Amino acid sequence: EFEQARHFVSDLGLTEKRQHYARTSKVKAAGRSLILPGWGQMYRGHRKRGLIALAATTVAGVFLAKSVSDYNRAKQAYDHTNIGELDLELLTETSDLPRPFETRYQTYQSKASTANTAAIVFAALWGAAVLDNLVLEPNRLELRWEFGE
């Protein structure tokens, strides 16, 4: 009797989840995820998936903000390199003297590349959160193991 009651309760929960899912709209869920990644998944009843989408996008957003800040600092340093720092009369092609202009340019380019990568990752995660609502369905296949009777 306990096993039958447990199956009944689990079936009831599964039925309620299916009914809730059927009452929701893919387009409304995608719209919500377009506003805030993960919101659409939570709206449709996929709380874990929604929290994962929100957390991943938040981490990517923080990484993007840091990358853009680093890029802006490197670009400003590059832009403010002045003639006095270059020691033009001492430089030759084989000179081992520090080359602030070249070093700052390389740093600036590296930070730009990192910021571009961060932007792509951020956009991909946000887009995946939106598409997840339009493409993926809940698991329709259930496996049940019953022994006895």
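Because the structure is predicted, anything quoted here is derived from the model rather than measured.

Conventions and cut-offs
Residues numbered from 1 in each chain as written. Predicted model: local features only at pLDDT ≥ 70, side-chain atom pairs only at ≥ 80, totals over all residues. Heavy atoms only, no water. Helix = DSSP H or I, 4+ residues; strand = E, 2+ residues; numbered from the N terminus. Areas by Shrake-Rupley, 256 points an atom, 1.4 Å probe, with all protein chains shown as cover. Phe/Tyr/Trp six-rings, centres within 6.5 Å; stacked < 30°, edge-to-face > 60°. Lys NZ or Arg CZ within 6 Å of the ring centre and 35° of its normal. Salt bridge = Lys/Arg side-chain N within 4 Å of Asp/Glu carboxyl O. Buried < 20%, exposed > 50% of the residue type's maximum accessible area, 1.4 Å probe, protein only. Arc of directions from axis to C-beta. Contact = heavy atoms within 4.5 Å. Polar contact = N/O pair within 3.5 Å; in protein donor to acceptor, adjacent residues only side chain to side chain. Expected span 1.5 Å × (residues − 1).

Asks: Looking at this model, I keep getting lost on the overall build of the chain. Mind explaining?
Replies: A tally of regular secondary structure across the chain gives six helices and zero strands. Helices (α) and strands (β) of the chain occur, in sequence order from the N terminus, as α-α-α-α-α-α. Summed over all atoms, the accessible surface of the chain reaches about 11,100 Å², with 63% contributed by carbon and sulfur.

Asks: How do you make sense of the packing of aromatic side chains when you look at a structure like this?
Replies: Evaluated as defined, the whole model comprises five aromatic pairs. On the basis of an interplanar angle of 55 degrees and a centroid distance of 5.4 Å, the ring pair of Tyr78 and Tyr105 is categorised as tilted. With a gap of 27 residues between them, Tyr78 in helix H4 (residues 47-79) and Tyr105 in helix H6 (residues 100-135) connect regions that are remote in the sequence. Among the aromatic residues, those joined into a cluster by ring pairs are Tyr71, Tyr78, Tyr105 and Tyr108. For the cation-ring pair, Arg32 lies above Trp39, with the distance from its terminal atom to the ring centre recorded as 5.4 Å. Over the ring of Tyr43 we find Arg32; its NZ or CZ atom is 3.9 Å from the centre of that ring.

Asks: Explain the pattern of salt bridges to me, please; I cannot follow it from the model alone.
Replies: Pairs may arise between side chains of opposite charge once their charged atoms sit close together. Inspection of every chain in the model, using the stated rule, returns four salt bridges. Lys66 serves as the salt-bridge partner of Asp70, at 3.0 Å between the closest nitrogen and oxygen. Taken together, the residues Asp70 and Lys66, both in helix H4 and four residues apart, mark about one turn of the helix. Put simply, Arg73 and Asp70 hold a salt bridge, and the shortest N to O gap is 2.5 Å. Placement of the pair is Arg73 and Asp70 together in helix H4, with a separation of three residues, close to one helical turn.

Asks: When you look at helix H2 (residues 26-35) in this model, what are you seeing that I'm missing?
Replies: Since there are 3.6 residues in each turn of an α-helix, residues three or four apart along the chain are aligned in direction. The complete set of buried residues in H2 reads Ala29, Ala30 and Ser33. The buried residues of H2 occupy one face: seen down the axis, they fall within an arc of 100 degrees. Facing away from the buried side of H2 by over 90 degrees, the exposed positions are Val27, Lys28, Leu34 and Ile35. The elements touched by buried residues of H2 are helix H3 (39-43) and H6. Its side-chain oxygen placed 3.2 Å from the backbone nitrogen of Val27, Ser25 serves as the N-cap of H2.

Asks: Would you mind showing me how to read H4 here?
Replies: In this model, H4 (33 residues) spans 47 Å end to end at C-alpha, consistent with the 48 Å of a helix rising 1.5 Å per residue. Close packing links the buried residues of H4 with H3 and H6.

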